[in-house]
Amino acid sequence: MDVLLNVNNQSNGRDKLARLVQYASRLVWHQLEKKHANKYSIERIKGLENNLSSFRKVLRLGRCIDISYAALNTIHIQDPFLRMSLTVSKIAHALFLYADHIVWLTRSGFLKTDSEQWNRTANKFWLLSITANLARDVYEILQVLQLNQTTLLKPSELLRGPVKSFDVNACIKHLYAIIYCHKDIFIDTIKNSCDIFIPLTALGLTKLNPSAIGALGTVSSLAALITIVKPITKLVPA
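Cut-offs applied
All residue numbers here refer to positions counted from 1 along the written sequence of the relevant chain. Local features in this predicted model are restricted to residues whose pLDDT is 70 or higher, and side-chain atom pairs enter the listing and the counts only when it is 80 or higher, whereas totals over whole chains, interfaces and linings include all residues. Side-chain metrics in this entry use all non-hydrogen atoms of the structure; hydrogen atoms and water are not considered. UniProt positions are given in the numbering used here, feature names are shortened, and annotations may be inferred rather than shown by experiment. Just to be clear on terms, a salt bridge is a Lys or Arg side-chain nitrogen sitting within 4 Å of an Asp or Glu carboxyl oxygen. Secondary structure elements follow DSSP: runs of H or I of four or more residues count as helices, runs of E of two or more count as strands, with numbering from the N terminus. Buried means the residue's accessible area, taken with a 1.4 Å probe over protein chains only, is under 20% of the maximum for its type, while exposed means over 50%, and partly exposed covers the values in between. Here, nonpolar core means buried Ala, Val, Leu, Ile, Met, Phe, Trp, Tyr and Cys residues that are tied together by side-chain atoms lying within 4.5 Å of each other. Residues count as neighbours in contact if any of their non-hydrogen atoms are within 4.5 Å of one another. Multiplying one less than the number of residues by 1.5 Å gives the expected span of a helix. N or O atoms within 3.5 Å of each other form a polar contact, as long as, within protein, one can give a hydrogen and the other can take it, and as long as residues adjacent in sequence are counted only when both atoms are side-chain atoms.

Per an unreviewed UniProt entry, the protein goes by Peroxisomal membrane protein 11B and derives from Pieris macdunnoughi. Checking UniProt for the protein, the heading Subcellular location (unreviewed entry) contains the comment "Peroxisome membrane".

Right under this line is the structure:
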């Protein structure tokens, strides 16, 4: 209960909780639809998903300014690749939120613009932000692999040595130890790997059904919640 209260006390925590239920709802209603369940129940769950989506848009109002300001800090990172990837990610995320604000204001009747076009623009910036985050994850993974060079990570040594000398159990244990010691990289990679398919599908670049999107969104939301509950698992600098 203390963990739930701690998460709920943070605006970012409430957003992630709402996101978790939102994508879980999409997974549930699509599964019920496939099983030809009661239409009234399906519509209620769809309504819950839509309401949570609107709630999150309201919750994020103005955050594009915060994230734009955060980009001013990332341009001072010494590592050139981290500086580039994090700055691009921040700027793209800020532009995504700005476009998302326009979508919400249009659909609420406050503005008169093409909401579908703005929605596509928002998804393009979201995709760019996630791509930059994934590039950073790959960079972090390569850095870790360079520090943990073993036969598991060096195929050339496997080809030169006898197959019988390769200890699978030792390699699995070593891999587990690496993941355990770098949970922040592992969690961030899982989150971004799941998230990237959401804007890709929204833009028509991939064709995943609502169940798949709901499952991916649920997993990425859980990963994000873990970093809020246990800040030590959050990849820094962020």
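### Section: the pattern of salt bridges
Inspection of the entire model under this criterion finds nine salt bridges. For the salt bridge of arginine 19 with aspartate 195, the shortest nitrogen-to-oxygen distance reads 2.8 Å. Pair noted here: arginine 19 is in helix H2 (residues 11-34) and aspartate 195 is in helix H9 (residues 183-195), with a separation of 176 residues, a long-range link. We classify arginine 19 as buried; its relative accessible area is 6%. What you see here is one network of salt bridges that share partners, running through Asp15, Lys16 and Arg56.

### Digging into the nonpolar core
Within the largest apolar cluster, 17 residues are counted, with the highest numbers of intra-cluster contacts made by Trp126 and Ile196. Elements that contribute at least two residues to this core include exactly helix H4 (63-74), helix H5 (80-107), helix H6 (115-147) and helix H10 (197-202). For this core, the element with the highest residue contribution is H6, accounting for five residues. Discounting residues that sit within four places of it in the chain, isoleucine 196 has contacts with Leu127, Ile130, Thr131 and Leu134.

### Regarding the side chain of serine 115
In this fold, serine 115 is placed in helix H6. Filtering out sequence-adjacent residues up to four positions away, serine 115 remains in contact with Val103, Thr106 and Arg107.

### Some thoughts on helix H11 (residues 210-229)
Here H11 spans 28 Å end to end across 20 residues, near enough to the 28 Å set by a 1.5 Å rise per residue. Turning to H11, its buried residues number three or more, namely Ser211, Ile213, Gly214, Gly217, Thr218, Ser220, Ser221, Ala223, Ala224, Leu225, Thr227 and Ile228. Where H11 begins, one side-chain oxygen reaches toward the backbone nitrogen of serine 211, 3.1 Å away; that side chain belongs to asparagine 209.

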